[in-house]
Amino acid sequence: MSVVIITGSAGLIGSETARRFAAEGHTIAGIDNDMRARFFGPDASTSWSRKSLQNDLDNYHHHDVDVRNLDVLREVFREYEGEIALIVHTAAQPSHDWAAREPLTDFGINALGTANVLELARRYAPDAPFIFTSTNKVYGDTPNRLPLIEHDTRYELDPAHPYAVHGIDESMSIDQTLHSVFGASKVAADVLVQEYGRYFGMKTVCFRGGCLTGPDHAGAELHGFLSYLMKCAITGAEYRIYGYRGKQVRDNIHARDLVEAFTAFFKAPRSGAVYNIGGGRFANCSMTEAIAACEEIVGKKMRTTYVDSPRTGDHIWWISDLRRFQHDYPTWKLNCGIRSTLEEIYQGHEARLGNATAK
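Sequence order sets the numbering: in each chain, residues are counted from 1 along the sequence as written. Local features in this predicted model are restricted to residues of pLDDT 70 or higher, and side-chain atom pairs are both shown and tallied only at a pLDDT of 80 or more, whereas totals for entire chains, interfaces and linings draw on every residue. No hydrogens and no water enter the side-chain calculation; it runs on all heavy atoms of the structure.

Asks: Looking at this structure, I do not really get the sheet that holds strand β11 (residues 249–254). What am I missing?
Replies: In a beta sheet, neighbouring strands pair by backbone hydrogen bonds and run either parallel or antiparallel. One requirement defines pairing of two strands: DSSP has to find at least two bridges between them. Each helix is a run of H or I in the DSSP string that is no shorter than four residues. Each strand is a run of E no shorter than two, and both are numbered from the N terminus. Within the open sheet, the three strands sit side by side as β9-β11-β13. Their pairing is mixed. Strands at the two margins of the open sheet, each flanked by one partner only, are β9 (211–213) and β13 (284–286). Sheet twist, expressed as the mean angle between neighbouring strand axes with direction ignored, is 40°. Here β11 runs beside β13; their pairing, made up of three bridges, is antiparallel. Counterpart to V249 in the pairing with β13 is S286. Whether two residues are in contact is decided by their heavy atoms, any of which lying within 4.5 Å being enough. Here an angle of 0 to 180 degrees is reported between the N-to-C directions of two axes, which are lines fitted to C-alpha atoms, with helices fitted over the stretch in contact. Where helix α9 (residues 255–267) meets the sheet, it contacts β9 and β11, and its direction lies at approximately 65° from that of β11.

Asks: Sorry, what's going on with the packing of aromatic side chains here?
Replies: Any aromatic ring pair is given by two values, namely how distant the centres are and how the planes are angled relative to each other. Each Phe, Tyr or Trp ring, with Trp reduced to its six-membered ring, pairs with another whose centre is within 6.5 Å; inter-plane angles below 30 degrees give stacked pairs, above 60 give edge-to-face pairs, and intermediate values give tilted ones. With the rule as written, the count across this model stands at 15 aromatic pairs. Summarising the aromatic geometry, the rings of F207 and F325 are spaced 5.6 Å apart at their centres and angled 65° between planes, so their arrangement reads as edge-to-face. Note that F207 is positioned in strand β8 (residues 204–209) and F325 in helix α11 (residues 323–328), a separation of 118 residues in sequence. Like F207, the residue F325 is buried in the burial classification. With a 1.4 Å probe rolled over the protein chains alone, any residue whose accessible area is under 20% of its type maximum counts as buried; one over 50% counts as exposed, and the rest are partly exposed.

Asks: Got a minute to help me understand the sheet that holds strand β12 (residues 273–277) in this structure?
Replies: Across the sheet, which stays open at both edges, the seven strands sit in the order β3-β2-β1-β4-β5-β8-β12 with parallel pairing between neighbours. Of all the strands in the sheet, just β3 (60–63) and β12 have a single pairing partner and so form its edges. On average, adjacent strands in this sheet sit at an angle of 20° to one another, irrespective of strand direction. Alignment of β8 against β12, held across five bridges, turns out to be parallel. Looking across to β12, one finds that F207 is bridged to Y275.

Asks: I'm lost on the pairing of β8 in this one. Help?
Replies: The side chains of a regular strand alternate between the sheet's two faces. Counting buried residues in β8 gives six out of six residues, a clear majority hidden from the surface. Side chains T204, C206 and R208 project from β8 onto one buried face, and the interleaved V205, F207 and G209 project onto a second face that is buried too. The pairing of strand β5 (residues 130–135) with β8 spans six bridges and is classified as parallel. Opposite S134, over in β8, you have R208 as the bridge partner.

Asks: For this particular structure, what's the right way to read the environment of P159?
Replies: Among the structural elements, P159 can be located in the loop between β7 (155–157) and α7 (180–200). Taking the relative accessible area as the measure of exposure, P159 reaches 66% and is therefore exposed. The spatial distance from the C-alpha of P159 to the C-alpha of I149 is 9.3 Å, given a sequence separation of 10 residues. Setting aside residues no more than four positions away along its own chain, P159 makes contact with I149 and A164.

Asks: Where do I start with the packing of helix α1 (residues 12–23) against α9 in this structure?
Replies: Two quantities define a packed helix pair, namely the angle between the helix axes and the distance between the axes. Interhelical geometry of α1 versus α9 gives an angle of 55° and a closest axis separation of 9 Å. By the criterion of interaxial angle, the relationship of α1 to α9 is oblique. Relative to α9, the crossing made by α1 is right-handed. Between α1, through L12, I13, E16, T17, R20 and F21, and α9, the contact on the second element is made entirely by A255, R256, L258, V259, E260, F262, T263 and F266. By residue class, the composition of the contact of α1 with α9 is eight nonpolar, two polar and four charged. Small angles under 35 degrees read as roughly parallel and large ones over 145 as roughly antiparallel, with 65 to 115 read as roughly perpendicular and the rest as oblique. If you view the pair so one helix is near and one far, a crossing is left-handed when the near helix is turned anticlockwise from the far one by less than a right angle, and right-handed when it is turned clockwise. In this classification, Asp, Glu, Lys and Arg are treated as charged, Ala, Val, Leu, Ile, Met, Phe, Trp, Tyr, Cys and Pro as nonpolar, and every other residue, Gly included, as polar.

Asks: Looking at this model, I keep getting lost on the nonpolar core. Mind explaining?
Replies: Generally speaking, soluble globular proteins have nonpolar side chains that are buried together. Among buried residues, those of type Ala, Val, Leu, Ile, Met, Phe, Trp, Tyr and Cys that are joined through side-chain atoms within 4.5 Å constitute a nonpolar core. Counting residues in hydrophobic clusters, the biggest one holds 36 residues, and the most contacted among them are I5, F77, I84, I87 and F130. Counting residues per element, the ones that place at least two in this core are β1 (3–7), β2 (27–31), α2 (35–40), α4 (70–79), β4 (84–89), α6 (103–124), β5 and α7. Counting residues per element, this core draws most heavily on α6, at six residues. Dropping the residues within four chain positions of it, I5 is found in contact with A29, I31, F77, I84, L86, I87 and V88. Residues V4, F262, F266 and L322 belong to the second largest nonpolar core, which totals 34 residues.

Asks: Looking at this model, I keep getting lost on unusual backbone geometry. Mind explaining?
Replies: Most peptide bonds adopt trans geometry, and most residues besides glycine take a negative phi value. The phi dihedral of S180 falls on the positive side, at around 80°, and the residue is not glycine. For S180, the location among the structural elements is in helix α7. One non-glycine residue, Y244, lies in the positive phi region at around 60°. With respect to the element layout, Y244 can be found in the loop between β10 (239–242) and β11.

What follows is the structure, given as structure tokens:
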């Protein structure tokens with residue numbers, strides 16, 4: 001038996017990972033205690049996703065475990081010792097705003113939880129690749145110092161800048177910048193994952209993601225940009241735009257494309273690898289552009305309110321340079337653009353909301 005351990009298994013990336021590796025015949029040990037419902041309320045619960053995995057996958061085994069609980073987590077790893085082929089760590093507290101409310105909880109989940117999973121991987125599966133979903137927020141607000149030019153619907157980088165053609169690469173400093181509490185806890189986790197790779201020789205990777213998205217995202221106001229935006233477009237709920245006149249730019253990577261990157265790394269792992277990963281120049285949009293696309297797909301005007309103060313540490317412009325990963329894994333490519341991804345998200349919401357007008 002070949003086992004893949006996935007933390008945050010009912011979340012967007014965790015569930016996509018579970019389905020991808022289950023289809024290849026691996027046994028999936030899913031670890032998830034639906035903290036998302038506590039972070040963002042019952043509408044953001046991933047219990048529906050867990051039930052779906054349990055119903056659809058015969059080789060999925062769920063463990064309702066908090067990654068901060070080392071003793072209980074150890075029992076999961078001990079159960080599968082000698083059979084663990086891969087660890088994918090996606091469990092996290094993912095919101096800037098929520099982290100500021102409870103910094104110790106945020107740090108406990110993001111930093112200590114990562115330390116727990118890493119150490120158990122070293123103890124029970126030292127040869128198994130370890131994949132960590134980090135974030136571009138490890139760079140803090142350094143991207144906001146770039147020479148940006150305001151256009152009608154978006155900010156863009158000065159064409160003369162080295163990042164203009166391909167986006168921001170991994171050479172950008174993560175030091176001397178405003179991270180937010182969330183960004184700081186993810187920095188701690190990111191650096192620790194690298195260290196276990198370099199110091200202990202484990203096969204570890206940090207994927208520093210832009211906006212991760214897809215139809216199975218339980219979007220909430222504080223996390224899940226495109227998913228929550230589309231939910232508001234469908235239901236008529238008010239959507240609040242925070243700062244930068246709605247022209248802030250995000251690259252968005254579909255969960256399927258990200259999990260294919262995981263698969264490529266699993267087949268040819270490295271030690272202490274770090275990659276910026278996102279939609280790159282292939283799939284990006286401003287908030288204003290995303291709102292217009294949602295309105296077109298849904299067929300009605302959205303209710304929006306503008307809040308002049310941006311969120312602390314928020315990026316004005318982020319596009320990932322994907323060339324380092326593409327150099328190391330040349331068969332990988334992006335397949336899902338912004339429009340097709342939004343249409344999938346629309347269909348996913350309509351199915352869950354039971355709306356008979358789904359297109």
